[in-house]
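# Overview (structure and organization)
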Amino acid sequence: MLELFFVNVFGVWSNSGFLCFFSLYFCSLFYKLVNCVYQRKIMKMLVEKIEQKFDQEKVIEEFEDLTKDAGKIQEETLEKILEQNRGTEYLQQWGLNGKTDPQTFKNCVPIVTHNDLEPYIQRVADGDLSPILTGKPIETISLSSGTTQGKPKFVPFNDELMESTMQIFKTSFAFRNREFPIGNGKALQFIYSSKQFKTKGGLAAGTATTNVYRNAQFKKTMKAMCTPCCSPDEVIFGPDFHQSLYCHLLCGLIFGDEVQAVSSTFAHSIVHAFRTLEQVWEALVVDIREGVLSSRVTVPSIRLAMSKLLKPDPELADTIYNKCSRLSNWYGLIPELFPNTRYIYGIMTGSMEPYLKKLRHYAGELPLLSADYGSSEGWVGVNVNPKLPPELVTYAVLPNIGYFEFIPLGGNLNGMEQANSPVGLTEVKLGEEYEIVFTNFAGLYRYRLGDVVKVKGFHNGTPELQFVCRRNLLLSINIDKNTEKDLQLAVEAAAKHLVDEKLEVVDFTSHVNVSADPGHYVIFWELSGEATDEMLQDCCNCLDKAFIDAGYVSSRKVNAIGALELRIVKRGTFHKILDHFVGLGGAVSQFKTPRCVGPKNSSLLQILSSNVVESYVSTAFC
């Protein structure tokens with residue numbers, strides 16, 4: 001048909017045989033050219049279609065193969081990293097002389113912290129194009145959350161880290177979907193992108209989550225896994241997270257029956273989203289009923305994008321209104337509004353564990369699935385046992401995404417034991433605790449992540465790790481050593497005094513006050529309502545007694561550590577901390593409430609101190 005079309009077109013140019021011959025000749029050539037382009041286009045479409053299809057079993061099979069010979073894969077991964085970056089300034093100074101074996105690497109290259117690498121990273125950010133940390137130029141910088149130390153860290157980000165991110169996402173989804181299969185639906189994802197900016201050297205800089213969300217591979221991978229986000233890009237990348245959150249909720253309600261998963265990076269973001277829903281649900285119902293977006297959303301790009309989704313739907317508005325009205329204290333909110341949801345998904349370990357109680361309240365009988373183990377510096381492991389509750393979740397280390405070493409702790413979290421040499425991925429022992437040392441493809445070599453993990457088992461040849469705590473988050477004054485987990489357990493024990501009055505701890509943090517003599521712990525609580533002085537004094541005493549560390553108890557008995565102080569802050573104080581974090585350029589989905597506020601984090605201490613309404617001093621050891 002194509003050939004006949006071109007013959008007719010060229011044939012009208014001349015009735016002479018000579019010209020007709022050339023018409024046919026050129027027609028034939030042109031036909032072949034167009035046909036070639038056409039065939040290529042068809043092939044491209046077929047390839048894209050094949051690429052878009054997610055092969056769950058193939059992904060699992062590849063993971064099984066990787067983990068069966070984890071030791072060999074680790075050696076190959078280290079060799080690849082060192083080969084790619086052998087000419088860098090950083091590696092050359094340590095005298096590797098081209099060697100890529102693990103023993104030479106460990107003998108020559110020192111274990112470092114971010115402070116050690118910061119001058120090199122800063123030079124990269126400032127535009128030094130010489131091979132400082134990596135052979136290929138770094139074009140993107142990730143910012144850590146900054147909630148622990150009070151300011152974000154610069155971390156190099158490159159294509160290899162993006163590839164490992166997609167590998168983690170695919171592997172995690174494959175195991176998750178095998179246990180909790182979902183069809184062609186949507187995900188209600190509370191994800192937010194912070195603003196990207198240019199460093200002095202012109203590099204794009206943003207939070208790690210922002211760098212992922214803005215990458216074309218992210219959306220392609222999500223589409224292949226049949227979990228596209230309910231919300232348009234304009235909402236995800238909106239400049240005001242309050243407006244973005246409102247529209248995330250609105251999009252979720254519009255597509256309520258299509259939602260099959262509810263997720264965010266951290267559990268905190270999910271809890272925060274549904275606490276917000278409790279406050280704005282009636283406004284959302286009005287928007288759906290009238291088909292007009294609330295005036296509280298002012299960003300033009302968001303309003304335009306939402307106008308394409310929002311149409312008058314009184315029937316849906318009535319359904320949502322009736323469902324919300326009959327909920328008892330918002331229990332089971334998620335399955336009620338999104339009846340086809342299979343699970344709730346996000347990071348739920350470490351500083352996120354305190355939100356599990358509230359999240360389970362909203363989730364009803366829906367399972368909570370903990371997301372994978374990573375940091376701004378890179379990924380560590382994947383959750384291949386999604387049926388485990390968040391409190392018991394483990395992460396199988398992917399041996400090809402970086403080179404891993406583990407410092408044995410032997411129960412000592414305070415300082416690094418020089419006598420304990422790091423061991424390799426396949427040398428860790430069941431039941432032991434370690435600090436992770438990480439080497440990745442983006443210029444971090446023997447980098448202390450600062451995370452403490454426990455080996456809970458093995459998946460083929462790779463260990464399954466349980467996150468224990470951040471090593472630098474310690475409450476310590478004398479010989480006491482209380483971790484983030486110890487603080488969480490103490491708060492949970494004391495909060496039981498509030499149950500009868502149907503009150504709860506909305507959020508909490510701590511501070512070691514050494515300005516007084518003796519020094520003492522200060523615990524900040526935000527409550528959901530008003531409590532009596534008697535009840536809060538009981539809570540304060542319970543907190544003090546709930547720290548069972550032997551060093552703390554003995555120090556309290558001899559007054560080497562002073563009486564614990566419980567400070568109650570105004571409602572909304574921790575929201576102010578979130579706003580402060582976002583104001584520094586952070587993304588809401590990357591926010592973690594700091595559980596221990598150090599003296600250098602003066603801005604957070606100022607927010608907390610200026611919002612204290614009541615203070616109680618423990619009499620537990622009097």
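Residues numbered from 1 in each chain as written. Predicted model: local features only at pLDDT ≥ 70, side-chain atom pairs only at ≥ 80, totals over all residues. Heavy atoms only, no water.

Going by the annotation in an unreviewed UniProt entry, the name recorded for the chain is Jasmonoyl--L-amino acid synthetase JAR6 isoform X2, with Nicotiana tabacum given as the source organism.

## Some words on the overall build of the chain
Put simply, the test is: Under the DSSP-based scheme used, a helix requires at least four consecutive residues in state H or I and a strand at least two consecutive residues in state E, with every element numbered from the N terminus. Contacts: residue pairs with any heavy atoms within 4.5 Å of one another. Per-residue and other accessible areas were derived by the Shrake-Rupley procedure at a 1.4 Å probe size, with only the shown protein chains allowed to occlude residues.
A count of helical and extended segments in the chain gives 22 helices and 22 strands. Across the chain, every contact between residues at least 6 apart in sequence was considered, and the portion connecting residues at least 24 apart equals 71%. Total accessible area on the chain is roughly 28200 Å²; 53% of this is exposed by carbon and sulfur atoms.

## Some details on the pairing of strand β15 (residues 447–459)
We apply this condition: Pairs of strands are assigned from DSSP output, requiring at least two bridges between the strands.
Inspection of the sheet shows strand β14 (residues 433–439) paired to β15 by five bridges, in the antiparallel sense. Bridge pairing in β15 links F438 to Y447. Pairing between β15 and strand β16 (residues 462–470): eight bridges, direction antiparallel. Across the sheet, F458 pairs through a bridge with P463, a residue of β16. Connecting the antiparallel pair β15 and β16 is a turn made up of two residues, with N460 showing a positive phi of about 55°.

## Things to note about the sheet that holds strand β19 (residues 505–513)
Just so we agree on the cut-off: Axis definition: a line fitted to C-alpha atoms, over the contacting stretch in the case of helices. Angles run 0 to 180 degrees between N-to-C directions.
Judged by pairing direction, the sheet is mixed, and its four strands sit side by side in the order β19-β20-β21-β22 without closing on themselves. Each edge of the sheet is formed by a strand with only one pairing partner; in this case those strands are β19 and β22 (612–617). Direction aside, neighbouring strands of the sheet carry axes that sit 20° apart on average. As defined by bridge partners, β19 adjoins strand β20 (residues 520–527) across eight bridges and the pair is classed as antiparallel. In the strand pairing of β20, S510 is matched with I523. Sitting on the sheet, helix α18 (residues 484–495) is in contact with β19 and β20, with an inclination near 125° to β19.

## Description of the environment of I141
Rules: Each residue is assigned to one of three classes by its accessible area relative to the maximum for its type, calculated with a 1.4 Å probe on protein chains only: buried under 20%, partly exposed between the two thresholds, exposed over 50%.
Following the sequence through the fold, I141 ends up in strand β1 (residues 140–143). With relative accessibility at 1%, the residue I141 sits in the buried group. Along the primary structure I141 and I121 are separated by 20 residues, whereas in three dimensions their C-alpha atoms are 9.1 Å apart. Filtering out sequence-adjacent residues up to four positions away, I141 remains in contact with F154, V155, P156, T199, L203, A204, A205, G206 and N211.

## A few points about the sheet that holds strand β9 (residues 373–375)
Spatially, the eight strands line up as an open sheet ordered β9-β10-β11-β16-β15-β14-β12-β13, and their pairing is antiparallel. Each end of this open sheet is capped by a strand with a single partner; those strands are β9 and β13 (423–424). With six bridges joining them, strand β12 (residues 403–408) and β14 adopt antiparallel strand pairing. When the sheet's bridge partners are listed, I407 is paired in β14 with E435. Docked against the sheet, helix α4 (residues 70–84) engages β12, β14 and β16, running at close to 115° with respect to β12.

## Here we look at the layout of surface pockets
The line we're drawing: Any residue with an atom within 4 Å of a point lines the site, the site being either a cavity, points on a 1 Å grid over the protein atoms alone where a 1.4 Å probe fits but cannot get out, or a pocket, an open set with protein on both sides within 12 Å along at least 5 of 7 lines. Grid points are joined across faces, edges and corners, and a volume is the space filled by probe spheres set on the points. Residue polarity follows a fixed list, in which Ala, Val, Leu, Ile, Met, Phe, Trp, Tyr, Cys and Pro are nonpolar, Asp, Glu, Lys and Arg are charged, and the others, Gly among them, are polar.
Computed from the structure, the second largest pocket encloses a volume of approximately 1300 Å³. Taken together, 42 residues form the lining of the second largest pocket, with R275, K358, E504, V505 and V506 sitting closest to its centre. Of all elements in the fold, only α12 (241–254), α13 (267–290), α17 (356–363), α18, β19 and α21 (573–583) reach the threshold of two or more residues within the lining of the second largest pocket. A per-element tally of the lining of the second largest pocket places α13 first, with seven residues. The class makeup of the residues in the lining of the second largest pocket is 16 nonpolar, 12 polar and 14 charged.

## Topic: the nonpolar core
Short version of the rule: Think of a nonpolar core as a cluster: buried Ala, Val, Leu, Ile, Met, Phe, Trp, Tyr and Cys residues, connected wherever their side-chain atoms sit within 4.5 Å.
Of all hydrophobic cores here, the largest spans 148 residues; its most connected members are F274, I344 and F406. Ranked by residues supplied to this core, first place goes to α13 with 11 residues. Not counting chain neighbours up to four residues away, the residues in contact with F406 comprise S421, P422, V423, G424, L425, V428, Y434, E435, I436, V453 and L465. In this structure, A494, L498, V512 and I523 belong to the second largest nonpolar core, which totals 30 residues.

## Considerations on the pairing of β19
Here β19 lies mainly inside the structure; nine of its nine residues are buried. Count of turn residues in the β19/β20 antiparallel hairpin: six residues.

## Re the side chain of S172
So the rule is basically this: Under the rule applied, a polar contact is a pair of N or O atoms within 3.5 Å (in protein, one hydrogen donor and one hydrogen acceptor; residues adjacent in sequence only if both atoms are side-chain atoms).
Examined against the element boundaries, S172 turns out to sit in helix α8 (residues 159–179). Looking at S172, the relative accessible area reads 2%, which means it is buried. Separated by 3.1 Å, the side chains of S172 and Y345 make a polar contact. At 3.0 Å, the side chain of S172 and the side chain of D372 are in polar contact. Sequence-distant contacts of S172, that is, excluding residues within four places in its chain, are made with Y345, D372, V382 and N383.

## Observations regarding the pattern of salt bridges
Here the idea is simple: oppositely charged side chains can pair when their charged atoms come close. Put simply, the rule is: Whenever Lys or Arg places a side-chain nitrogen within 4 Å of a carboxyl oxygen from Asp or Glu, that contact is recorded as a salt bridge.
Counted by the stated rule, this structure contains 19 salt bridges. With its nearest N and O atoms 2.9 Å apart, the salt bridge here joins E83 to R86. For R86, a relative accessible area of 39% translates into the label partly exposed. R571 is paired through a salt bridge with E526; the nearest N and O atoms lie 3.9 Å apart. With a gap of 45 residues between them, R571 in the loop between β21 (565–569) and α21 and E526 in strand β20 connect regions that are remote in the sequence. Assessed through its relative accessible area of 5%, E526 is described here as buried. Here the residues in one salt-bridge network are E89, R123 and D128, joined through shared partners.

## Let's talk about the side chain of H520
Mapped onto the elements, H520 comes out in strand β20. A polar side-chain atom of H520 sits 3.1 Å from a polar atom in the side chain of E565.

## Considerations on unusual backbone geometry
Omega for the peptide link from D517 to P518 comes to 0°, which places this bond in the cis form. Within the secondary structure, P518 sits in the loop between β19 and β20. Phi angles above zero are rare outside glycine, and N329 is one such case at about 55°. With respect to the helices and strands, N329 occurs in the loop between α15 (314–326) and α16 (333–337).

## Focus on the confidence of the model for the chain
Counted only if it meets this: Confidence scores per residue from the predictor, reported as pLDDT, run from 0 to 100.
For the chain, per-residue confidence averages 85 on the pLDDT scale, and residues scoring 70 or more make up 88% of the total. Low pLDDT, under 50, characterises residues 1–51; the stretch is placed with 14 contacts to residues that sit more than four places away or in other chains.

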